[in-house]
Structure formats: structure tokens, C-alpha cells
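Residues per chain, in single letters:
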Amino acid sequence: MTNVIERETRGPVRFLRLPEVLDRTGLSRSTIYVRLDQGRFPRPVSLGARAVGWLESEVDEWIQERIAASRDGVA
């Protein structure tokens, strides 16, 4: 079984900070955190004592899933 770190390090890894996540998704900060609590958005990674970032690949995958769901008529 491949763990997340091995899977994610096959290509370049880039962290997105919250402003870029908001820009890419079109969601508000509060919506991001509500969806995190619901398990409906990728979890951020701790970058330090007071900093988190999202894996670009996971955010991109989430966006693609939303596109596919909207094309299938599922919201």
C-alpha cells in the first residue's frame, strides 16, 4: 500500500496558502472551514506553529471532482 507522502512526492509538491486556495476555488474562508469540518474539502498540512498549506494536487483534484459532479448533474 502506498502512503500519502510517497504518492505525493512522485512529482513536484507545492503548497497553497489560504489566499490562493480561495482564489482557485471561488469559495469563502468560512465555507472552506465548514467543508473541512464536514470532510468535504482536502485537509491542510501544518507548515509551522501558525501556518498551514494545502497540497496543490489535492486542491486541483477537488476542483476536478466538482467539475465532473456538475457535468453529471450531481452537486
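Quick caveat, the model's predicted, so the values are computed rather than measured.

**Describing the packing of aromatic side chains**
Any aromatic ring pair is given by two values, namely how distant the centres are and how the planes are angled relative to each other. Counted under the stated rule, the structure contains 2 aromatic pairs. Pairing Tyr33 with Trp54 gives two aromatic rings, centres 6.4 Å apart and planes at 70°, and the pair type is edge-to-face. Of this pair, Tyr33 sits in helix H3 (residues 29-38) while Trp54 is found in strand S3 (residues 51-55), placing the two residues 21 residues apart along the sequence. With relative accessibility at 29%, the residue Tyr33 sits in the partly exposed group. Trp54 sits in the buried class, given a relative accessible area of 0%. For the pair Phe41 and Trp62, a centre-to-centre distance of 4.9 Å together with 65° between the ring planes defines the contact as edge-to-face.

**Some words on helix H2 (residues 18-25)**
Three or more residues of H2 are buried, namely Leu18, Val21 and Thr25. One side of H2 holds all its buried residues, which, seen down the axis, span an arc of 60°. Turned more than 90 degrees from where H2 packs its buried face, Pro19 and Asp23 sit exposed.

**Quick look at a nonpolar patch on the surface**
A cluster of nonpolar side chains, namely Val13, Phe15 and Leu47, defines an oily patch on the protein surface of about 230 Å² accessible area. Relative to the helices and strands, Phe15 resides in strand S1 (residues 15-16). On the accessibility criterion, Phe15 (36% relative accessible area) is partly exposed.

What counts and what doesn't
- Residues numbered from 1 in each chain as written.
- Predicted model: local features only at pLDDT ≥ 70, side-chain atom pairs only at ≥ 80, totals over all residues.
- Heavy atoms only, no water.
- Phe/Tyr/Trp six-rings, centres within 6.5 Å; stacked < 30°, edge-to-face > 60°.
- Helix = DSSP H or I, 4+ residues; strand = E, 2+ residues; numbered from the N terminus.
- Buried < 20%, exposed > 50% of the residue type's maximum accessible area, 1.4 Å probe, protein only.
- Arc of directions from axis to C-beta.
- Patch = residues over 30% accessible without salt bridge, like charges linked within 9 Å, V, L, I, M, F, W, Y side chains within 5 Å.
- Areas by Shrake-Rupley, 256 points an atom, 1.4 Å probe, with all protein chains shown as cover.
- Salt bridge = Lys/Arg side-chain N within 4 Å of Asp/Glu carboxyl O.

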